[in-house]
Amino acid sequence: MVKPIEQKLTHLYTFTHRYWACLLSIVGWTAKEMWEKKSGILQYEINKRLALRRTGVGLLFWVITGLDFVVCVLQVFNDPIHGHMELHPLLVKIIDTPQFQRLRSIRQLGGTYFVYPGASHNRFEHSIGVAHLAGQLGQALKTKQPGLNITDRDILCVQIAGLCHDLGHGPFSHLYDGMFIPKARPGNKWKHETASLAMFDHLVKCNKLEDVMKQYGLNLSEDLDFIKEMIDRDNDKDQEWLHKGRPKDKSFLYEIVSNKTNGIDVDKFDYFARDCYHLGVQINFDYHRFLKFARVCEVDGWKHICVRDKEEDNMTEMFHTRLCLHRRAYQHKVTKIIETMITDAFLKADKHIKIEGTGKKTFRLSTAIDDMEAYTKLTDAVFEKILNCAFDAPQELRDARDILRRIINRDLYRFLGETRFEDPTEVCTNVFVGLYCITLSTIKMDYGMKREDPIDHLYFYTKHDTTRAFNRKRCQVSRIRPMCFSEQLVGFVCKKTDDRNPQADVDNFQQWLRFTDLLIYASSCILCIPYDWGKLQSTCQHI
């Protein structure tokens, strides 16, 4: 096996040498002078990768920019979701950095792992999967529509954005930015996308990747902005084109990683498939069909990624999958209880967790987001750090440890009941109001666009006219499709339990409801309470 592979590489090397010699002689340059510099690099890269070739891993290809070229070896990653994924060497260099390797220690689904034993996957493999799918979609559009002028540089930038879009996640993913930070630093509008941009800049600078990016053909003055704009895109369709990375005629590229128009992007393609796989939940949505039928059409002066009209049911199934995952896993009542307990523990331990950052400055659990060197060291491992703190640690840290021990021993906060909001427009996600030993949690579930149907924002084309895009009119939509796309629940959780009489918690809670004149019906632990939300909130704050 070794000899034929080496022979093929040698033949490729010889053929390339002759090709460039002929080309340079045509333009009047001396092939010998130009080739001496290139041949050394080429032979070095071939020798360097021969060991890899013997294992049959990776493919050799050329990146040619003008009269310059760089030898690239695509490294292959074997993934349970997408199979063998071939990644550009620049992506591999980004992966092989401390800032990206940190994602190995950030669980994709946070506290869900304590409910679903299989949900142990991390942001690391998800990010690689998104980069792979971003390349597939970009290449599919380039192949089907050469007139779009999609370059290899465009595709590489989109893949980098997909790879780095989750660099800013903190411990237990959305728990950190959705539950902990709003309580630890009220009024701070920080979100993990903001940290992803800062971490990307930190990654490039610390690992001196600017020269490597230039070597692979990137134009840093444009492409770095382009990559960061795709990671955190705030531009609205109705506004003028404000992006610096790419002109308006390539606006569709911004819909590949994070689609703000209708929510259909490769980020969701990967985490739907990956989460369902690890949760053991059946998935009916097939993203391969979207990759097959995706095309770019112009609508009102903007270019959008569209799909065949016959794929409407498949896309509807995608959003239904999102709802099911939220209902069965992400917003599972026990998941929310455990994440509430972890948040409580983090809040108590906040000022006692010391993380060294830039210039040997010390940061806390909640302030590490202000320094990327410190944030790089902040992972799910903080859970174990609190859990294993010394017996003579400060009282607050020991209280945090006791809360986490309750999770390990399955002595969880007790779920008392839940009810639905009558008005789904009152969106108040992850709000917890303390009343005695009871916590009030509000959970929002929808199809991804609050009260709206995302399919209304999706553009279709027909096989008879692949250039004209259109929206589905309401009269054309199947009548068996849902008419409501948002639901909000309020759950009641008791932090302190009476082990001698577990029913006492429920009885005490029902007595409190009678006192506040809110209870109409109560059966078992499920409560049906038509109430005025403002009245309930003011009552909770008063108590």
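Rules used in this analysis
- Residues numbered from 1 in each chain as written.
- Predicted model: local features only at pLDDT ≥ 70, side-chain atom pairs only at ≥ 80, totals over all residues.
- Heavy atoms only, no water.
- Helix = DSSP H or I, 4+ residues; strand = E, 2+ residues; numbered from the N terminus.
- Buried < 20%, exposed > 50% of the residue type's maximum accessible area, 1.4 Å probe, protein only.
- Contact = heavy atoms within 4.5 Å.
- Core = buried A, V, L, I, M, F, W, Y, C linked by side-chain atoms within 4.5 Å.
- Pairing = 2+ DSSP bridges.
- Axes fitted to C-alpha atoms, helices over the stretch in contact; angles between N-to-C directions.
- Polar contact = N/O pair within 3.5 Å; in protein donor to acceptor, adjacent residues only side chain to side chain.
- pLDDT = per-residue confidence, 0-100.
- Phe/Tyr/Trp six-rings, centres within 6.5 Å; stacked < 30°, edge-to-face > 60°.
- Lys NZ or Arg CZ within 6 Å of the ring centre and 35° of its normal.
- Salt bridge = Lys/Arg side-chain N within 4 Å of Asp/Glu carboxyl O.
- Parallel < 35°, antiparallel > 145°, perpendicular 65-115°, else oblique.
- Left-handed = near helix turned anticlockwise from the far one by under 90°.
- Nonpolar A, V, L, I, M, F, W, Y, C, P; charged D, E, K, R; others polar.
- Disulfide = S-S within 2.5 Å.

Draft legend 1. Seen up close, the overall build of the protein. Counting secondary structure elements, the protein contains 19 helices and 15 strands. The burial tally for the protein puts 52% of its 543 residues in the buried class. Intrachain contacts of the protein at a sequence separation of at least 6 include 69% that bridge at least 24 residues.

Draft legend 2. Quick peek at the nonpolar core. I160 and Y375 are the most contacted members of the largest nonpolar core, which has 127 residues in total. Y375 has contacts with R102, G168, H169, G170, Y176, W190, A195, M199, A368 and I369, leaving out every residue within four places of it along the chain.

Draft legend 3. Up close: the sheet that holds strand β12 (residues 465–470). Reading across from one edge, β4-β5-β11-β12 is the order of the four strands in this open sheet, with mixed pairing throughout. Only two strands of the sheet have a single neighbouring strand rather than two, namely β4 (295–299) and β12. Between one strand and the next, the sheet's axes are offset by a mean angle of 50 degrees, whatever the strand orientation. In the sheet, β4 pairs with strand β5 (residues 302–308) via five bridges, with the strands oriented antiparallel. In the sheet register, V299 faces β5, and the bridge partner there is W302.

Draft legend 4. Structural context of the side chain of D380. Within the secondary structure, D380 is located in the loop between α15 (372–376) and α16 (381–387). There is a polar contact of 2.9 Å between the side chain of D380 and the backbone nitrogen of R107.

Draft legend 5. A look at the confidence of the model for the protein. Here the protein averages 79 in pLDDT, and 69% of its residues register 70 or above. Across residues 518–543 the pLDDT falls below 50, and counting only partners more than four positions away or on other chains, this stretch makes 54 contacts in the model.

Draft legend 6. Unusual backbone geometry, seen in detail. At N149, a residue that is not glycine, the phi angle is positive and equals roughly 60 degrees. As for its placement among the helices and strands, N149 is situated in the loop between α5 (123–144) and α6 (152–164). In this structure N149 comes out as exposed when scored by relative accessible area, which is 53%. Phi is positive for S173, which is not a glycine, with a value near 55 degrees. By the element assignment, S173 lies in the loop between α6 and α7 (174–184).

Draft legend 7. Just the packing of aromatic side chains, in detail. Summed over all chains, the structure comprises 18 aromatic pairs. Their ring planes at 85 degrees and their centres at 5.8 Å tell us that Y176 and W190 sit as a pair that is edge-to-face. Taken together, the residues Y176 in helix α7 and W190 in the loop between α7 and α8 (192–206) connect sequence positions 14 residues apart. The residues Y176 and W190 share a single accessibility class, namely buried. Chaining the aromatic ring pairs together yields one cluster made of Y113, F114, F172, Y176, F180, W190, F346, Y375 and F383. Between R104 and the ring centre of F124, over which it is positioned, the NZ or CZ distance is 3.9 Å. Over the ring of W302 we find K248, and its NZ or CZ is 4.5 Å from the ring centre.

Draft legend 8. Broad picture of the pattern of salt bridges. Within the structure shown, the criterion is met by 20 salt bridges. Two residues, D154 and K250, come together in a salt bridge whose shortest N-O distance is 2.5 Å. Here D154 is found in helix α6, whereas its partner K250 is found in the loop between α10 (220–231) and α11 (266–279), with 96 residues between them in sequence. Under the relative-accessibility criterion, D154 is labelled buried at 1%. Between D350 and R364 there is a salt bridge, with its nearest N and O atoms 3.7 Å apart. Here D350, found in the loop between α14 (333–349) and β6 (355–356), pairs with R364, found in the loop between β7 (362–363) and α15; they are 14 residues apart in sequence, far enough to count as distant.

Draft legend 9. Representation of the environment of T362. Tracing the chain through its elements places T362 in strand β7. Residue class for T362 comes out exposed when judged on its relative accessible area of 53%. Separated by 12 residues in sequence, T362 and A374 place their C-alpha atoms 8.1 Å apart. Here T362 is in contact with K354 and I355, once residues within four sequence places are set aside.

Draft legend 10. Layout of the pairing of β5. Of all seven residues in β5, six are buried, a share of seventy percent or more. Connecting β4 to the antiparallel partner β5 that follows it, the hairpin turn spans two residues, and D300 within it adopts a positive phi of roughly 55 degrees. With two bridges connecting them, β5 and strand β11 (residues 460–462) associate as parallel partners. Paired with R308 across the bridge in β11 is Y461.

Draft legend 11. Looking closely at the packing of α5 against α6. Axis separation between α5 and α6 bottoms out at 7 Å; the angle between their running directions is 155 degrees. The pairing of α5 with α6 is recorded here as roughly antiparallel in orientation. By crossing handedness, the relation of α5 to α6 is classed as right-handed. Contact residues: α5 offers S127, I128, V130, A131, A134, G135, G138, Q139 and K142, while α6 offers D152, I155, V158, Q159, G162 and L163. Here the contact of α5 with α6 is built from residues that sort into seven nonpolar, six polar and two charged.

Draft legend 12. Highlighting the environment of S196. Position of S196 relative to the elements: it lies in helix α8. Spatially, the C-alpha atoms of S196 and M372 are 9.8 Å apart, while their sequence positions differ by 176 residues. Once residues within four sequence positions are removed from consideration, S196 is found in contact with C164, H165, D166, L167, G168 and I231. At a separation of 3.5 Å, a polar atom in the side chain of S196 contacts the main-chain amide nitrogen of L167.

Draft legend 13. Looking closely at the state of the cysteines. Counted under the stated rule, the structure contains zero disulfides. The thiol of C276 is unpaired, and the distance to the nearest cysteine sulfur, on C324, comes to 8.6 Å. Overall, the relative accessible area of 2% leaves C276 in the buried class.

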